[in-house]
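Close look at the chain arrangement
The chain contents come next:
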Amino acid sequence: MEDPAALGAGNPPANGYSNGNGNGGGKGKPAAPKGRETFRSQRRESEGSVDCPTLEFEYGDTDGHAAELSELYSYTENPEFTTNRRCFEEDFKTQVQGKEWLELEEDAQKAYVMGLLDRLEVVSRERRLKVARAVLYLAQGTFGECDSEVDVLHWSRYNCFLLYQMGTFSAFLELLHMEIDQACSSALRKPAISIADSTELRVLLSVMYLMVENIRLERETDSYGWRRARETFRTELSFSMHNEEPFALLLFSMVTKFCSGLAPHFPIKKVLLLLWKVVMFTLGGFEQLQALKVQKREELGLPPLAEDSIQVVKSMRAASPPSYTLDLGESQLAPPPSKLRGRRGSRRQLLTKQDSLDIYNERDLFKTEEPATEEEEESAGDGERTLDGELDLLEQDPLVPPPPSQAPLSAERVAFPKGLPWTPKVRQKDIEHFLEMSRNKFIGFTLEQDTDTLVGLPRPIHESVKTLKQAFWPKRLRHAACRILVAQPGIEPVPPVLGAWSLNHWTAREVPPLALWLKVNAKVFAALQTWKYGINTVLKHFAAVHDAKHKYISIADVQIKNEEELEKCPMSLGEEVVPETPCEILYQGMLCSLPQYMIALLKILLAAAPTSKAKTDSINILADVLPEEMPITVLQSMKLGIDVNRHKEIIVKSISALLLLLLKHFKLNHIYQTFYSPPNKHPFCFDLLIQFEYVSQHLVFANCIPLILKFFNQNILSYITAKNSISVLDYPCCIIQDLPELTTESLEAGDNNQFCWRNLFSCINLLRLLNKLTKWKHSRTMMLVVFKSAPILKRALKVKQAMLQLYVLKLLKIQTKYLGRQWRKSNMKTMSAIYQKVRHRMNDDWAYGNDIDARPWDFQAEECTLRANIEAFNSRRYDRPQDSEFSPVDNCLQSVLGQRLDLPEDFHYSYELWLEREVFSQPICWEELLQNH
């Protein structure tokens, strides 16, 4: 794959500044007017971006139902709606006389659909295409008989369920296999590929996408038959039916064939959209992921989750973007010492201290500021920052006007936060690191993986360890525990004494030990003895509560222990039982070709990124949007340009959501742990979620990290507010209403939406993807530092949306310790936002670089060790040859001698010679036999 980092090497610096000599830090001083003009233009851009309003965006699996259906079609395909209708009406009139589709009874509709499927099985390609278009018209909602968009969406959903019940999906799957085989056997070699080269494939994929999207959508009014059909459809898509691979693997193979050049005319946008929706339908979306996580924790006996991340973010308020004037630092903005006289007042105002509480204030303290520059070039090593031509700041107007005199903020106007939005977490690893540092300091030696022995350590260390092990409960969990004891469903009422005690005492931050509780509350204990469910129920729930308030135990911790036992005792524990879940089946199918799948997806993502430059060797992702005849008027060119940009945005949306879903499901499916011991260094531990890590590592090897950073190295606010859509041409509006006359003015105006939902959704998904690739991986965190991601990510904070800002701040947090003191000093507002919005680990010194994992390990060896353990796991679990060392052996003499062997017919004539030659005359080397065993 083309290296995104190499592509970015020839681009301008990250902040957009460069001198006239072509180097980054040029020493020549350009003319003042030119520098002043550039400076003022960037100032105007910065002013427009800082005043961005808060975006009212609700993150979810998908956009609205109509929006998801409309993104399937490009504007170039709109004339085909009429073609589909004509093909259906011509066929329908030959089969049904004097009635319309909506007037038929359900049995008559089913009979007609069965006739359509029979007419699909013809040799003529043209006749088959006409019948397929008639089926597509049904899936599109028979819009010729509808009066409103709501009716179209209703009948589209009804027809899709009807088509599925008649076996349409299986018939179209066979046609898709045939089209793929034909496309690969006779590869298309044309200099210019257009939308006409993929007509059959587009019709088939459109029908299948409409069926998946409509059946996937759950509503309360769905009948029992529809609910049962949905579950059956999900099972068919998840598992291999009729000795065929899962449907998602077929779509993955189409992606690789497209990127390899075997089938350049594949409609890749429709393939990716269908692949994303199939994975979401079969594995589950974000809500199903959260429910699955809760279910697995319950099965493993772990306490319930403290919060749902997406729900917590929804209640957070977006922070005001960083002030780029104040964050430039003294070295950038301070005038020479000789010119400093008489300007102490301006200097003092210039370096006005930032208020870190403005995130929670109703009044934005930075609202009246006039920032001077939009972007800054930041270096992690030496803190070098340069502006175009090294503008003489004393010749310019003041960068920051003196702020108006303000009265001290009253206590009523400042809304102080009640607490951090996240529950603190403590890992076993955090306690081990804390004790390792303490023992080295006070004793001089360490005890590996021992968190109980505190001999020789001062009393404050004992209290610290106790605090780390007893991270207090969230308030919601305490109340849940109260409800467990106060009102058990289906159980007799709790004794009044117990109910009163639980309400009065369980609201405290710390739950007392059970022995102390029973000792102090003798009345409660006596009441429990007379209660029907008595002491056992309380012991069970109290034990769960008492464990929950200790350090956070993840599903990974439990599965890691199981994996360790399996590695230590492979013979005694027997063969590992691999559950046949949809996620496991998908991973097994992807295992052999997973590197090719990831590289292909990233190639398409690179081609669709707005920051990518057109290159001759890049893949053509516009094959299913370019018309046969290129536009000749300005209006047609503008319409095609909007269509192309919209096409790329939808591709980015589908790939980002697909990769994020795969990583999250694989992360929950299996976990593994290993240790890495650098030469002459203390060994440290990896928490390996092998399936997750396997996908992640191939994404990293395919340059996914620099690719995402390259994507964000643009005016991200302009990308999110882009208006690359024409509402009157979107489905289903374009097939119900008469199209108005389009003009260049109406195309330039766009819609009235505050932002583009799919672009903001894509940006958040890419940030979440980048977080998953770099979390707890210090070699990959160093990649963020090497590629100078800090200024790129910091510019993304201009978008006032809480969820996007949260994941940007997470990425800044993990690399803060490597950016140096000067960066932290000049970015205090960003540091404050990290403290207030990002979850913190107990004993987390992320800002100062004192963590053990911040030591300069051999990062290349870290990735190699990770890869070796992944390959060992995959080989042990999925490659099972018959002559394996751990294959079962029958040691029973009677059983072995009693096995029936098929011998040649003439063996009984020559068996004595065979014994003499093969057994008696062969010498036995007992020493060699013993050595081999």
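You'll find the structure just up there.
This text gives an overview of the structure that appears in the document. (Residues numbered from 1 in each chain as written. Predicted model: local features only at pLDDT ≥ 70, side-chain atom pairs only at ≥ 80, totals over all residues. Heavy atoms only, no water.)

Quick notes on the state of the cysteines
- This structure, assessed with the given rule, holds zero disulfides.
- Its sulfur unpaired, Cys-733 is 7.0 Å from the next cysteine sulfur, which belongs to Cys-734.
- The class of Cys-733 is buried, set by a relative accessible area of 13%. (Disulfide = S-S within 2.5 Å. Buried < 20%, exposed > 50% of the residue type's maximum accessible area, 1.4 Å probe, protein only.)

Remarks on the environment of Asn-78
- Examined against the element boundaries, Asn-78 turns out to sit in the loop between α3 (65-70) and α4 (79-95).
- For Asn-78, the residues in contact, after removing those within four places along its chain, are Leu-729 and Cys-734. (Helix = DSSP H or I, 4+ residues; strand = E, 2+ residues; numbered from the N terminus. Contact = heavy atoms within 4.5 Å.)

Points about the packing of aromatic side chains
- Scanning all chains against the criterion turns up 31 aromatic pairs.
- Consider the rings of Tyr-73 and Tyr-731, whose centres lie 5.4 Å apart with planes at 55°: the pair is tilted. Remark: Tyr-731 occurs in the loop between α30 (716-720) and α31 (733-736) and Tyr-73 occurs in the loop between α3 and α4; sequence separation between them is 658 residues.
- Taking relative accessible area as the criterion, Tyr-731 reaches 4% and is therefore assigned buried.
- Consider the rings of Phe-88 and Tyr-112, whose centres lie 5.9 Å apart with planes at 85°: the pair is edge-to-face. Highlighted residues: Phe-88 in helix α4 and Tyr-112 in helix α5 (residues 106-120), separated in sequence by 24 residues. When sorted by exposure, Phe-88 lands in the same class as Tyr-112, which is buried. (Phe/Tyr/Trp six-rings, centres within 6.5 Å; stacked < 30°, edge-to-face > 60°.)

Overview of a nonpolar patch on the surface
- A grouping of Phe-442, Ile-443, Phe-445 and Leu-447 is seen on the molecular surface, where their side chains present a nonpolar patch of about 340 Å² in accessible area.
- By the element assignment, Ile-443 lies in the loop between α17 (428-442) and α18 (459-469).
- Ile-443 gets classed as partly exposed once you look at its relative accessible area, which sits at 31%. (Patch = residues over 30% accessible without salt bridge, like charges linked within 9 Å, V, L, I, M, F, W, Y side chains within 5 Å. Areas by Shrake-Rupley, 256 points an atom, 1.4 Å probe, with all protein chains shown as cover. Salt bridge = Lys/Arg side-chain N within 4 Å of Asp/Glu carboxyl O.)

Considerations on helix α34 (residues 778-786)
- Along α34, the residues classified as buried are His-778, Ser-779, Arg-780, Thr-781, Leu-784 and Val-785.
- Note on α34: the residue one or two positions beyond its end, Lys-788, has a positive phi of about 55°.

Concerning the nonpolar core
- With 190 residues, the main nonpolar core has Phe-247, Met-590, Met-598, Ile-604, Ile-621, Leu-699 and Leu-804 as its most contacted residues.
- The greatest single-element share of this core, amounting to 15 residues, is contributed by helix α27 (residues 634-669).
- Leaving out residues up to four positions away in the same chain, Ile-621 has contacts with Phe-258, Ile-268, Ile-604, Ala-607, Ala-608, His-647, Lys-648 and Ile-651.
- Listed in part, the nine residues of the second largest apolar core include Phe-434, Leu-435, Leu-454 and Leu-457. (Core = buried A, V, L, I, M, F, W, Y, C linked by side-chain atoms within 4.5 Å.)

A closer look at the pattern of salt bridges
- As enumerated under the stated definition, the model contains 25 salt bridges in all.
- Among the ionic pairs, Lys-653 bridges to Glu-71, the shortest N-O distance being 2.8 Å. Placement of the pair is Lys-653 in helix α27 and Glu-71 in the loop between α3 and α4, with a sequence separation of 582 residues. A single burial state applies to Lys-653 and to Glu-71, both of which are buried.
- Across the pair Glu-649 and Arg-758 runs a salt bridge whose closest N-O atoms are separated by 3.0 Å. One end of the pair, Glu-649, is in helix α27; the other, Arg-758, is in helix α33 (residues 757-774), and 109 residues separate them in sequence. Arg-758 shares its class with Glu-649; the two are buried.

Points about unusual backbone geometry
- Put simply, Tyr-731 and Pro-732 share a cis peptide bond, and its omega is 5°.
- Relative to the helices and strands, Pro-732 resides in the loop between α30 and α31.
- Even without glycine at this site, Thr-142 takes up a positive phi of about 40°.
- Within the element layout of this structure, Thr-142 appears in the loop between α6 (125-139) and α7 (149-165).
- Look at Asn-703: it is not a glycine, yet its phi comes out positive at around 65°.

Details of the side chain of Glu-71
- Glu-71 gets classed as buried once you look at its relative accessible area, which sits at 3%.
- When near neighbours in sequence (up to four residues on either side) are disregarded, Glu-71 contacts Lys-269, Leu-273, Arg-646, Ile-650, Lys-653 and Arg-758.

Some thoughts on a negative patch on the surface
- Judged by side-chain charge, Asp-118, Glu-121, Glu-174, Glu-244 and Glu-245 come together as a negatively charged surface patch.
- By the secondary structure assignment, Glu-121 is in the loop between α5 and α6.
- Classification of Glu-121 by relative accessible area gives exposed; the value is 68%. (Lys, Arg positive; Asp, Glu negative; His and termini not counted. Charge placed at Lys NZ, Arg CZ, Asp CG, Glu CD.)

Purely spatial values, then, with no claim about function.
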